[in-house]
Amino acid sequence: MLSGRIRPRLVRVTTSIVRTHTKRSLSTKHFSPNWKAYIATAGLISTPGIWWLTAAGDDAPRLECPLAEHLAPEPGPSKEDITHMLSKEAYSFHVRNITGVTRYDGAQLASNSPCEDRFLHGEVSSSWNENDQWMSWAVFDGHSGWQTADLLTKQLLPFVRRRLSEVNSPVSNESVQRAIMEGFVDLDDSIIKTAPDTSKSKESFQDKVKKLIPAYAGSCALLSLYDPITSTLHVACTGDSRAVLGQKGADGKWETIPLSVDQTGSNEEETTRISKEHPGEENIAKDGRVLGIMVSRAFGDSLWKWPLDFQKEMKRKFNGPAPLTPRRDIRTPPYLTAEPVVTSTKINPNKPSFLIMATDGLWDYLSSEQGVDLVVNWLEPQRTEKNTTEENKTDGKFDFGRFWTDVDWQFEKERMTIQDENAAVHLMRNSLGGNYHELIAGRLAFDPPLSRRVRDDITVQVVFFNTEK
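So, how was this worked out
Residues numbered from 1 in each chain as written. Predicted model: local features only at pLDDT ≥ 70, side-chain atom pairs only at ≥ 80, totals over all residues. Heavy atoms only, no water. Pairing = 2+ DSSP bridges. Helix = DSSP H or I, 4+ residues; strand = E, 2+ residues; numbered from the N terminus. Axes fitted to C-alpha atoms, helices over the stretch in contact; angles between N-to-C directions. Phe/Tyr/Trp six-rings, centres within 6.5 Å; stacked < 30°, edge-to-face > 60°. Lys NZ or Arg CZ within 6 Å of the ring centre and 35° of its normal. Patch = residues over 30% accessible without salt bridge, like charges linked within 9 Å, V, L, I, M, F, W, Y side chains within 5 Å. Areas by Shrake-Rupley, 256 points an atom, 1.4 Å probe, with all protein chains shown as cover. Salt bridge = Lys/Arg side-chain N within 4 Å of Asp/Glu carboxyl O. Lys, Arg positive; Asp, Glu negative; His and termini not counted. Charge placed at Lys NZ, Arg CZ, Asp CG, Glu CD. Buried < 20%, exposed > 50% of the residue type's maximum accessible area, 1.4 Å probe, protein only. Arc of directions from axis to C-beta. Contact = heavy atoms within 4.5 Å. Polar contact = N/O pair within 3.5 Å; in protein donor to acceptor, adjacent residues only side chain to side chain.

**Q** Just to check I follow, could you spell out the sheet that holds strand 3 (residues 101-109) for this structure?
**A** The strands that make up a sheet are held in pairs by hydrogen bonds between backbone atoms, and each pair lies either parallel or antiparallel. On the basis of which strands lie adjacent, the open sheet formed by 6 strands has the order 2-3-16-15-9-10 and antiparallel pairing. With partners counted over all chains shown, the strands left at the sheet margins are strand 2 (91-94) and strand 10 (254-258), one partner each. This sheet shows a mean twist of 15 degrees between the axes of neighbouring strands, independent of strand direction. Sheet topology note: the strand 15 (residues 353-358)/strand 16 (residues 458-465) ladder contains 6 bridges and is antiparallel. By the bridge assignment for strand 16, serine 353 is matched with phenylalanine 465.

See below:
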């Protein structure tokens, strides 16, 4: 069911590890008086002695299990299990106080443990007038750990808003874009360029380690800011998360409008830019990667930013990641930047539209056009050509080897299904297999770390403008 909330404040979402310890209370009701006296004496000698005596009762677990000739710890995900897994982290909000925004949905599916993706969403005060409310959404795709992405949920928006507050009137799209870019770079500089000072500070060793970890890990960032006064949507992209706008025309047809471009080693504009910044260095971009990393822009990722000598020092003193040499030719870092590409788009109040923001875990299986078509069919199910809620029956014949023969590992229209009330969950389900139960169940049957071979962390947000569902 949909959850409605008026004026949702900005929400940062993180993933935490919860450890549960069995608690035992000291009790003597099962001991004889002599035992009670002995316990009291032991308490005077040492606390561990008390624990040993109380734990020496009948509290130990029994290890009895029938022998299984065919090992099957538990069955694979059922249809109900799949829905639960996809919907577990889902959310949906109706928005009544921001002109133009009617609703937004979100969902996340982990593959890593803990999940390396993060996200945020909600209202935020305008940088020029606290009485004016904007909306913000963001997805952060962490890699080599969750720490950088987690830091971005807390600090990226404050860094951006500080730069926006410095913009003088009249406020133009260009000035907003420049401020957002500066906020991104400021934050990455605070992660990367402060490391030498941190390493030499008088802080405790453990505090230094904690400060340095976001530089060891890395993260992409996709941030959207919506100004309802001007009906302008600003989208800033660092990395390969993607934003796309679906907009309905007067003829009833929906148009797919890219709001970001994937910044990877496969992007010719990006590889050309990097080559110009490092003349005479060959093979910086090779096989779709930049010195081995997929993205060409990111936060953190100190191996591609710190001087080589400093990397070696940090490895020796603070257990930083091992330098890329000699496998990679590191001469003139930095090779990556956190500076985003920012677009500003006018949202037409007379045209229904929606924004899809997602990490590459979704776009690995969907094109932008397919993503828009899926949301359109979710919005207008009467448009579909056939009953898309009927699922393929389980026949026990599927295996991953069929990806190379008769089954496409990416989305196929014939597998589309409409069965979720949340648009983000709808996108995730269809990207992983749709109505082909064995395909999607097989992908979800893997637990970490093996799940990383068949799917990535997936984070999706869908924002509806001037659209009711």
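**Q** How should the packing of aromatic side chains be read in this particular structure?
**A** The way to describe two aromatic rings as a pair is by their centre distance and the angle between their planes. Applying the stated criterion across every chain, the model contains 20 aromatic pairs. With a centroid separation of 6.0 Å and 65 degrees between ring planes, the pair formed by phenylalanine 398 and phenylalanine 403 is classed as edge-to-face. Three or more aromatic residues joined by ring pairs make a cluster, and in this case those are Tyr91, Phe93, Tyr104, Phe119, Trp137, Tyr226 and Phe465. Residue placement shows arginine 162 over the ring face of phenylalanine 159; its charged tip is 5.0 Å from the ring centre. The ring of tyrosine 365 has arginine 443 sitting right over it, with the charged end atom 4.5 Å from the ring centre.

**Q** Mind showing me how you'd approach unusual backbone geometry here?
**A** Glycine aside, the phi torsion of most residues is negative, and most peptide linkages are trans. Serine 169 connects to proline 170 through a cis peptide bond whose omega is -5 degrees. Inspection of the secondary structure puts proline 170 in the loop between helix 4 (147-165) and helix 5 (173-192). With phi around 60 degrees, serine 144 is a residue other than glycine that occupies positive phi space. For serine 144, the location among the structural elements is in the loop between strand 5 (133-143) and helix 4.

**Q** Looking at this structure, I do not really get a negative patch on the surface. What am I missing?
**A** Together, Glu74, Glu80, Asp81 and Asp447 line one region of the surface with negative charge. One can find glutamate 80 in helix 3 (residues 79-87).

**Q** Explain the pattern of salt bridges here, please?
**A** Per the stated rule, a full pass over the model turns up 21 salt bridges. Residue glutamate 182 is joined to arginine 163 by a salt bridge in which the shortest nitrogen-to-oxygen separation is 3.5 Å. Of the two residues, glutamate 182 is situated in helix 5 and arginine 163 in helix 4; the sequence distance between them amounts to 19 residues. A residue is classified by how much of its surface remains accessible, and glutamate 182, at 31% relative accessible area, is partly exposed. With relative accessibility at 23%, the residue arginine 163 sits in the partly exposed group. Residues arginine 273 and glutamate 270 are paired through a salt bridge, measuring 2.9 Å at the closest nitrogen-oxygen approach. One end of the pair is arginine 273 and the other is glutamate 270, both in helix 8 (residues 268-277) and 3 residues apart, which spans about a single turn. Under the relative-accessibility criterion, glutamate 270 is labelled buried at 6%.

**Q** Honestly, helix 8 in this entry has me stumped. Any pointers?
**A** Because each turn of an α-helix spans 3.6 residues, side chains separated by three or four positions end up pointing in the same direction. Residues of helix 8 that are buried: Glu270, Thr271 and Ile274. Seen along its axis, helix 8 keeps its buried residues to an arc of 95 degrees; they face one direction. Among the exposed residues of helix 8, those oriented more than 90 degrees off its buried face are Glu268, Glu269 and Lys276. Turning to helix 8, the residues buried within the fold contact strand 11 (285-286) and strand 12 (289-290). Its side-chain oxygen placed 2.9 Å from the backbone nitrogen of glutamate 269, asparagine 267 serves as the N-cap of helix 8.

**Q** Which parts of the structure should I look at to understand the side chain of threonine 102?
**A** Along the chain, the position of threonine 102 falls in strand 3. Once residues within four sequence positions are removed from consideration, threonine 102 is found in contact with Phe93, His94, Val95, Phe464, Phe465, Asn466, Thr467 and Glu468.

**Q** Please clarify how the pairing of strand 7 (residues 221-227) should be interpreted in this entry.
**A** Successive residues of a regular strand alternate their side chains across the two faces of the sheet. Most of strand 7 is tucked away: 7 of the 7 residues are buried. With burial as the criterion, each face of strand 7 is covered, one bearing Ala221, Leu223, Leu225 and Asp227 and the other bearing Leu222, Ser224 and Tyr226. Pairing between strand 5 and strand 7: 5 bridges, direction antiparallel. Note that in strand 7 the partner of alanine 138 across the bridge is leucine 223. Pairing between strand 7 and strand 8 (residues 232-238): 7 bridges, direction antiparallel. Considered in strand 8, the bridge of serine 224 is made with valine 235. A loop of 4 residues connects strand 7 with strand 8, the two strands running antiparallel in sequence, and serine 231 in this loop sits at a positive phi of about 55 degrees.

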